Amino acid sequence: MSSIQNPPADLSETDMERMKPPASKPSSPWLLFGLAAIVLVLGVVVYSGIHERAQAESTLGASTERAAVPTVNVVEPSSAGLSQEIVLPGNTQAFNDTPIYARTNGYLKHWYVDIGAHVKQGQLLADIDTPEVDQQLEQARADLKNAQANEQLAQITAARWQNLLKTNSVSKQETDQAVSDLSARQASVDSMTANVHRLEQLQSFEKVYAPFAGVITARNTDIGALINAGAGGVPQELFHMAAVNKLRVYVAVPEVDSLAAQTGAIATLTLDEFPGETFEGTIVRDSDSIDSATRTLNVEVDVNNAQGRIKTGAYAFVHLKLPQSAHASAQSLTIPANTLLFRSEGLRVGVVRNGHAELTPIKIGRDFGATVEVIAGLQPTDEVIVNPSDSLTSGSPVRVSTPAAGGSK
């Protein structure tokens, strides 16, 4: 390196020129522009990454804040279409419903009606063969004839002794004995006569008649069956009858709606087997006492059933009109039953006010099943929370769900 920096003195100028390093060329402007562009791109990428991260953090924070505020669905209380009647379940019963037993012992000789037969009052239902009763009646009649003969003889004897007493042909004692014997014979005849009548009544029970007009709902005997009237055993029901021209419907009316059960008022019935059709009935009586166990009033509604369309034992819905005085308030509102909150301090609903939930106490009037009547505690403009959470407290922030287009709150 030192030889180059200090060339020998014997070198010519030409050699010296050759040994000089080549002069550097000036830098190209395109290279500088490229370097600047690369720096700019790197700066944009770095800035974009930092900005996106900051924006993501901001979005996450906002989402977290929104998730912390529960979203609720609300409904406004309704005052339109408030029901002016109550609908209660009931079972139809025959106006008269009775089992028919035999009144005498024997064997069933023949039956004339079966289930579903409509019979008239006094119609023959069955014959019972009672040979023992027949023989007892014959014996009683023979005993009666014997007693009547003895009575006749005693009467003749007494009259004869009384005539002889007038001439002092017999003693007073003997006459009194004859008269007393006549009285005993007469009493014996009366006893025998009553026994004959008793057996005649038993014999008349060989034929079983319908006690009223109705329909046979059961037949529990057959030809040749032993008929026990209850002497020495449990009596057997032969038939079961029901009068179905008029039906009774017993309804348990809640105490709060007992004013709807006015005697003489009209009540309508609906049945699932007759969709869209109503049957008219009349409230004829009530128990005039609230059942302490169920807090209900037992009410009887009579329904004409001349055509026999309604079957006994059918499940029916009884519609009772509520009198105007039964309404607690003209401002009564209805809300869905799934808005109610049952708390230890009483019944509450959640109402959204100024973006916060407020637990409002209410007073319930009538329960319609899916909806309830509110007679105090709400305004028509209140937004009531649907399906409120059990953890909902007053003052907690809530967000009202935006309904879909064309939907309701």
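Criteria and thresholds
Residues numbered from 1 in each chain as written. Predicted model: local features only at pLDDT ≥ 70, side-chain atom pairs only at ≥ 80, totals over all residues. Heavy atoms only, no water. Pairing = 2+ DSSP bridges. Helix = DSSP H or I, 4+ residues; strand = E, 2+ residues; numbered from the N terminus. Axes fitted to C-alpha atoms, helices over the stretch in contact; angles between N-to-C directions. Buried < 20%, exposed > 50% of the residue type's maximum accessible area, 1.4 Å probe, protein only. Lys, Arg positive; Asp, Glu negative; His and termini not counted. Salt bridge = Lys/Arg side-chain N within 4 Å of Asp/Glu carboxyl O. Core = buried A, V, L, I, M, F, W, Y, C linked by side-chain atoms within 4.5 Å. Contact = heavy atoms within 4.5 Å. Phe/Tyr/Trp six-rings, centres within 6.5 Å; stacked < 30°, edge-to-face > 60°. Lys NZ or Arg CZ within 6 Å of the ring centre and 35° of its normal. Parallel < 35°, antiparallel > 145°, perpendicular 65-115°, else oblique. Left-handed = near helix turned anticlockwise from the far one by under 90°. Nonpolar A, V, L, I, M, F, W, Y, C, P; charged D, E, K, R; others polar. pLDDT = per-residue confidence, 0-100.

### Describing the sheet that holds strand β19 (residues 363–367)
Strand pairs in the sheet, formed through backbone hydrogen bonds, run parallel or antiparallel to each other.
So, step 1. Strand order in the open sheet formed by 3 strands is β15-β20-β19, with antiparallel pairing between adjacent strands. The sheet is open, and its two edges are formed by β15 (333–336) and β19, each paired on a single side. Each adjacent strand pair in this sheet contributes to an overall mean axis angle of 40°, direction not counted.
So, step 2. Bridge analysis of β19 against strand β20 (residues 371–376) gives 3 bridges, and the strand direction is antiparallel. Its bridge partner lying in β20, I364 is registered against V374.

### Some words on the side chain of E151
So, step 1. Locating E151 in the fold gives a position in helix α4 (residues 131–166).
So, step 2. It is R185 that comes nearest to the buried, bridge-free E151 among opposite-charge side chains, at 9.5 Å.

### Section: the nonpolar core
The nonpolar side chains of a soluble globular protein tend to be buried, and buried together.
So, step 1. The biggest cluster of nonpolar side chains holds 28 residues, and the ones touching the most others in it are L269, V301, V318 and L320.
So, step 2. Looking at this core, the elements that each hand over two or more residues are β3 (85–101), β10 (237–254), β11 (266–270), β12 (279–290), β13 (296–304) and β14 (315–321).
So, step 3. Here the element with the most residues in this core is β10; it accounts for 6 residues.
So, step 4. Residues within four places of L269 in sequence aside, it is in contact with V249, E277, T278, F279, V301, V303, A316, F317 and V318.
So, step 5. Grouped together as the second largest cluster of nonpolar side chains are 17 residues, A102, L125, I216 and L238 included.

### Here's the deal with the packing of aromatic side chains
So, step 1. Taken as a whole and assessed by the stated rule, the structure comprises 2 aromatic pairs.
So, step 2. Their ring planes at 90° and their centres at 5.3 Å tell us that Y315 and F317 sit as a pair that is edge-to-face.
So, step 3. The cationic tip of K246 hangs over the ring face of F95; the distance from NZ or CZ to the ring centre is 5.4 Å.

### A short note on the pairing of strand β17 (residues 346–353)
So, step 1. Within β17, 6 of the 8 residues are buried, which leaves the element mostly enclosed by the surrounding structure.
So, step 2. Pairing of strand β16 (residues 340–343) with β17 involves 4 bridges; the strand directions are antiparallel. Paired with L341 across the bridge in β17 is R348.
So, step 3. Hairpin connection between β16 and β17: a loop of 2 residues separates the two successive antiparallel strands.
So, step 4. By the bridge criterion, 6 bridges tie β17 to strand β18 (residues 356–361) in an arrangement that is antiparallel. Bridging across to β18, V349 finds its partner in T360.
So, step 5. In textbook terms, the turn of a hairpin is the stretch between consecutive antiparallel strands, and for β17 and β18 this stretch comprises 2 residues, one of which, N354, has a positive phi near 55°.
So, step 6. As paired strands, β17 and strand β21 (residues 383–385) are joined by 2 bridges and run antiparallel to one another. Directly across from V351, in β21, lies its bridge partner V384.

### Some words on the packing of α4 against helix α5 (residues 172–204)
So, step 1. Contact geometry for α4 and α5: axes closest at 7 Å, N-to-C directions at 160°. The angle between α4 and α5 falls in the class roughly antiparallel. In the crossing of α4 with α5, the sense of the turn from one axis to the other is left-handed.
So, step 2. Its residues assigned to classes, the contact of α4 with α5 shows 17 nonpolar, 12 polar and 9 charged.

### Comments concerning the pattern of salt bridges
So, step 1. Applying the stated criterion to the full structure yields 12 salt bridges.
So, step 2. Residues E138 and R141 are paired through a salt bridge, measuring 3.7 Å at the closest nitrogen-oxygen approach. One end of the pair, E138, and the other, R141, are both in helix α4, 3 residues apart, so they sit about a helical turn from each other.
So, step 3. The network of salt bridges with shared partners includes E138, R141 and E200.

### Some points on the confidence of the model for the protein chain
So, step 1. In the predicted model, the protein chain carries a mean pLDDT of 82, and 84% of its residues have values of at least 70.
So, step 2. For the protein chain, the element scoring lowest by mean pLDDT is helix α1 (residues 2–5), at 47; β13 scores highest, at 94.
So, step 3. Confidence drops under pLDDT 50 across residues 325–329; counting only partners more than four residues distant or on other chains, this segment forms 8 contacts.
So, step 4. Note that residues 404–409 has pLDDT below 50 and, in this model, 6 contacts with residues that lie over four places away or in other chains.

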